[in-house]
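Per-entry structural report
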Amino acid sequence: MMNRFKGKEIQALLTKEQIEKRVKELGAEITHAYRDIKDPLILVGVLKGSVLFMADLCRAIDMPIELEFMGVSSYGEATKSSGAVQITLDLTRPIENRHVLFVEDIVDTGLTAKYLYGNMRTREPASLRLCSLLEKPSKSKGEVKVDFLGFTIPDEFVIGYGLDLAGVYRNLPYVGVLGSDV
Ligand code: PRP
């Protein structure tokens, strides 16, 4: 299995088993929180990082759901830090009066989530909440709150289970960090 990148070892921060257990718990929390809604819950995955988490999470939710995805891009870090995000793929249906849950792999600065919230609110959903597998607590999140959170992690560069390093390593079955040179 891939466990090295350019001479650096990849160390597991969260194992496959830890992730599986937490995803099941999150699925149960979400099922309970939305137990009284009438229409199917709409899960909106933010591409691309959320794809693996979404695939596992939706199967841990025991109620009718619909799947949607949004693509977003930021033009480099300078633009991202200004909060300017562009939508590259939009929802396929209106969400007016529907319960919507964003699914993210990680909330770092919170700027992506803040932009998406602002954009979605204009479409008048019945409710809008955020589920993220990971959150880095060290950065200021402003008004963004993760309603369903998998793990709080240190402010380190993480890869795997959807998270990439220069576009690759999303298919690692665990979340890892790059360790020391070997
Ligand atoms: C990552 C992640 C979130 C965003 C979080 O996406 O999936 O969408 O960054 O960062 P923020 O809280 O600082 O805004 P990325 O832009 O790396 O795209 P990807 O999911 O396609 O890898």
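In case you missed it, the structure is sitting above this.
Residues numbered from 1 in each chain as written. Predicted model: local features only at pLDDT ≥ 70, side-chain atom pairs only at ≥ 80, totals over all residues. Heavy atoms only, no water.

Next up on the list: the overall build of the protein. On a plain count of helices and strands, the protein comes out with 4 helices and 10 strands. Reading the helices (α) and strands (β) of the protein from amino to carboxyl end gives β-β-α-β-α-β-α-β-β-α-β-β-β-β. Taking all contacts inside the protein whose residues are at least 6 apart in sequence as the whole, residues at least 24 apart take part in 67%. In the structure as shown, the protein presents an accessible area of about 9,500 Å², 52% of it carried by carbon and sulfur atoms. (Helix = DSSP H or I, 4+ residues; strand = E, 2+ residues; numbered from the N terminus. Contact = heavy atoms within 4.5 Å. Areas by Shrake-Rupley, 256 points an atom, 1.4 Å probe, with all protein chains shown as cover.)

Counting residues in each nonpolar core, the largest one holds 29 residues, and the members touching the most others are Ile30, Phe53, Leu57 and Leu134. Taken together, the elements giving at least two residues each to this core come down to helix 1 (16–33), strand 3 (41–47), helix 2 (51–60), strand 6 (99–107), strand 7 (127–135), strand 8 (148–152) and strand 10 (175–181). In this structure Phe53 touches Val23, Leu26, Val103, Glu104, Cys131, Ser132, Leu133 and Tyr161, once residues within four positions along its chain are discounted. Core analysis: the second largest hydrophobic core is formed by 17 residues, Val44, Leu116, Met120 and Leu128 among them. (Core = buried A, V, L, I, M, F, W, Y, C linked by side-chain atoms within 4.5 Å. Buried < 20%, exposed > 50% of the residue type's maximum accessible area, 1.4 Å probe, protein only.)

Time to look at helix 2. The set of residues buried in helix 2 consists of Phe53, Met54, Leu57 and Cys58. The arc enclosing the buried residues of helix 2, seen along the axis, measures out at 120 degrees, which places them on a common side. (Arc of directions from axis to C-beta.)

Judged from the 7 bridges that link them, strand 3 and strand 4 (residues 65–73) form a sheet pairing that is parallel. Bridging across to strand 4, Leu43 finds its partner in Leu67. Taken together, strand 3, helix 2 and strand 4 form a β-α-β motif whose crossover is right-handed. For strand 4 and strand 5 (residues 86–89), the ladder comprises 3 bridges, and the chain directions are antiparallel. Across the sheet, Ser73 pairs through a bridge with Gln86, a residue of strand 5. (Pairing = 2+ DSSP bridges. Right-handed = clockwise from strand over helix to strand, strands pointing away.)

Turning next to the side chain of Asp105. Tracing the sequence through the fold places Asp105 in strand 6. Discounting chain neighbours no more than four positions away, the residues touching Asp105 are Gly49, Ser50, Ser132, Leu133, Leu134, Gly162 and Leu163.

Let us now look at the site of the ligand. By nearness alone, 15 residues border the ligand, and Glu104, Asp105, Thr109, Gly110 and Thr112 come closest of all. At 2.9 Å, a backbone N or O of Lys48 approaches an oxygen atom of the ligand. Contact distances for the ligand include 3.2 Å between an oxygen atom and a side-chain N or O atom of Asp164. Summarising the interface, the protein chains cover 81% of the accessible area of the ligand, which totals 500 Å² for the free molecule. Going through the elements one at a time, strand 6 and helix 4 (111–121) are the ones with two or more residues in the shell around the ligand. If you tally residues by element for the shell around the ligand, the top one is strand 6, at 4 residues. Classifying every residue of the shell around the ligand gives 4 nonpolar, 4 polar and 7 charged. (Near = heavy atom within 4 Å. Polar contact = N/O pair within 3.5 Å; in protein donor to acceptor, adjacent residues only side chain to side chain. Nonpolar A, V, L, I, M, F, W, Y, C, P; charged D, E, K, R; others polar.)

The omega torsion of the bond from Leu47 to Lys48 falls at -5 degrees, within 30 degrees of zero and hence cis. With respect to the helices and strands, the residue Lys48 is situated in the loop between strand 3 and helix 2. Backbone geometry places Tyr161, a non-glycine residue, at a positive phi of 50 degrees. Residue position: Tyr161 is located in the loop between strand 9 (158–159) and strand 10. Its relative accessible area of 5% is what places Tyr161 among the buried residues. Within the chain, Tyr169 stands out as a residue other than glycine whose phi angle is a positive 80 degrees. Its place among the elements puts Tyr169 in the loop between strand 9 and strand 10.

Within the open sheet, the 6 strands sit side by side as 5-4-3-6-7-8. Their pairing is mixed. The open sheet has two edge strands with one neighbour each: strand 5 and strand 8. For this sheet the average axis-to-axis angle between neighbouring strands, irrespective of direction, equals 30 degrees. Taken together, the 4 bridges between strand 7 and strand 8 define a ladder with parallel strand orientation. Bridge assignment links Leu134 to a residue of strand 8, and that residue is Phe151. Along the sheet, helix 1 makes contact with strand 3, strand 6, strand 7 and strand 8, crossing strand 8 at roughly 160 degrees. (Axes fitted to C-alpha atoms, helices over the stretch in contact; angles between N-to-C directions.)

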